[in-house]
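# Structural description and commentary
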Amino acid sequence: MKGLAWILILFYVLVTVLWLANSSYLFSIWGVSVWFLSIMLGFVAYKKINSSIILKKLIYYSSTFMVFLVLITSLIHFTVTSMP
């Protein structure tokens, strides 16, 4: 489970970079699907990790940050689409 957690953390860094760059890869149907799947896997990994407290906190905070990015993205999308 530790390996999955480290891979997810690296993936979260990649998602953050793509989000900042407003990449079309991240905001496609496949990108958003993989993004949501990674968030769910992050919280599953958080529940399953027992040994490393630092890794457990790191995966929790990064998964929570991904949820924050999804909320901000939704807010931006609805704000922009409601403009005339």
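These numbers were taken from a predicted model, which means no experiment stands behind them. (Residues numbered from 1 in each chain as written. Predicted model: local features only at pLDDT ≥ 70, side-chain atom pairs only at ≥ 80, totals over all residues. Heavy atoms only, no water.)

### With respect to helix α1 (residues 2–20)
Worth spelling out the cut-off: Counting from the N terminus, the helices are DSSP H or I runs at least four residues long and the strands are E runs at least two residues long. Take the number of residues in a helix, subtract one, and multiply by 1.5 Å to get its expected span. Using a 1.4 Å probe on the protein chains alone, a residue whose accessible area is under 20% of its type maximum counts as buried, one over 50% counts as exposed, and one in between counts as partly exposed. By definition, the arc is the one covered by directions from the helix axis to the C-beta atoms. Residues are treated as being in contact if the distance between any of their heavy atoms lies within 4.5 Å.
Counted at 1.5 Å a residue, the expected span for α1 with its 19 residues is 27 Å, and the 27 Å between its end C-alpha atoms agrees. When α1 is considered as a whole, its buried residues turn out to be A5, L8, I9, Y12 and V15. One side of α1 carries all its buried residues, which in axial view fall inside an arc of 120°. Across α1 from its buried face, at more than 90 degrees, point the exposed residues I7 and L10. On its buried side, α1 packs onto α2 (29–48) and α3 (53–81). At the exit of α1 stands N22, carrying a positive phi of roughly 55°.

### A few points about the nonpolar core
Put simply, the rule is: Here, nonpolar core means buried Ala, Val, Leu, Ile, Met, Phe, Trp, Tyr and Cys residues that are tied together by side-chain atoms lying within 4.5 Å of each other.
Core analysis: the biggest nonpolar cluster contains 15 residues, and W35, I59 and M66 have the highest contact counts within it. Every element with two or more residues in this core is listed here: α1, α2 and α3. Once residues lying within four places of it in the same chain are set aside, the contact partners of M66 are Y12, V15, T16, W35 and I39.

### A closer look at the packing of α1 against α3
The angle between the axes and the distance between the axes are what describe a pair of packed helices. Short version of the rule: Each axis is a line fitted through C-alpha atoms, taken for helices only over the stretch in contact, and angles between the N-to-C directions span 0 to 180 degrees. An angle below 35 degrees is read as roughly parallel, one above 145 as roughly antiparallel, one from 65 to 115 as roughly perpendicular, and any other as oblique. A clockwise turn of the near helix away from the far one marks a right-handed crossing, whereas an anticlockwise turn of less than a right angle marks a left-handed crossing. The nonpolar class holds Ala, Val, Leu, Ile, Met, Phe, Trp, Tyr, Cys and Pro. Asp, Glu, Lys and Arg form the charged class, and all remaining residues, Gly among them, are polar.
The N-to-C vectors of α1 and α3 enclose an angle of 30°; their axes lie 10 Å apart at closest approach. Taken together, the axis directions place α1 and α3 in an arrangement best described as roughly parallel. The two elements α1 and α3 meet at a crossing, and its hand is left-handed. Two secondary-structure elements touch here, α1 through K2, A5, W6, L8, I9, Y12, V15, T16 and W19 and α3 through L55, L58, I59, S62, S63, F65, M66, L69, I72 and T73. Classifying every residue of the contact of α1 with α3 gives 14 nonpolar, four polar and one charged.

### Details of unusual backbone geometry
Within the chain, N22 stands out as a residue other than glycine whose phi angle is a positive 55°. Structurally, N22 can be placed in the loop between α1 and α2. On the accessibility criterion, N22 (59% relative accessible area) is exposed.

### Section: the layout of surface pockets
Selection rule: A cavity, in this analysis, means grid points on a 1 Å lattice covering only the protein atoms where a 1.4 Å probe fits yet has no way out; a pocket is instead an open set bounded by protein on both sides within 12 Å along at least five of seven lines, and a residue lines either one if it has an atom within 4 Å of a point. Grid points are joined across faces, edges and corners, and a volume is the space filled by probe spheres set on the points.
In this structure, the largest pocket spans a volume of roughly 170 Å³. Lining the largest pocket are W19, N22, F27, T73, I76, H77, V80 and T81. With five residues, α3 is the single largest residue contributor to the lining of the largest pocket. Of the residues in the lining of the largest pocket, the class split is four nonpolar, four polar and no charged.

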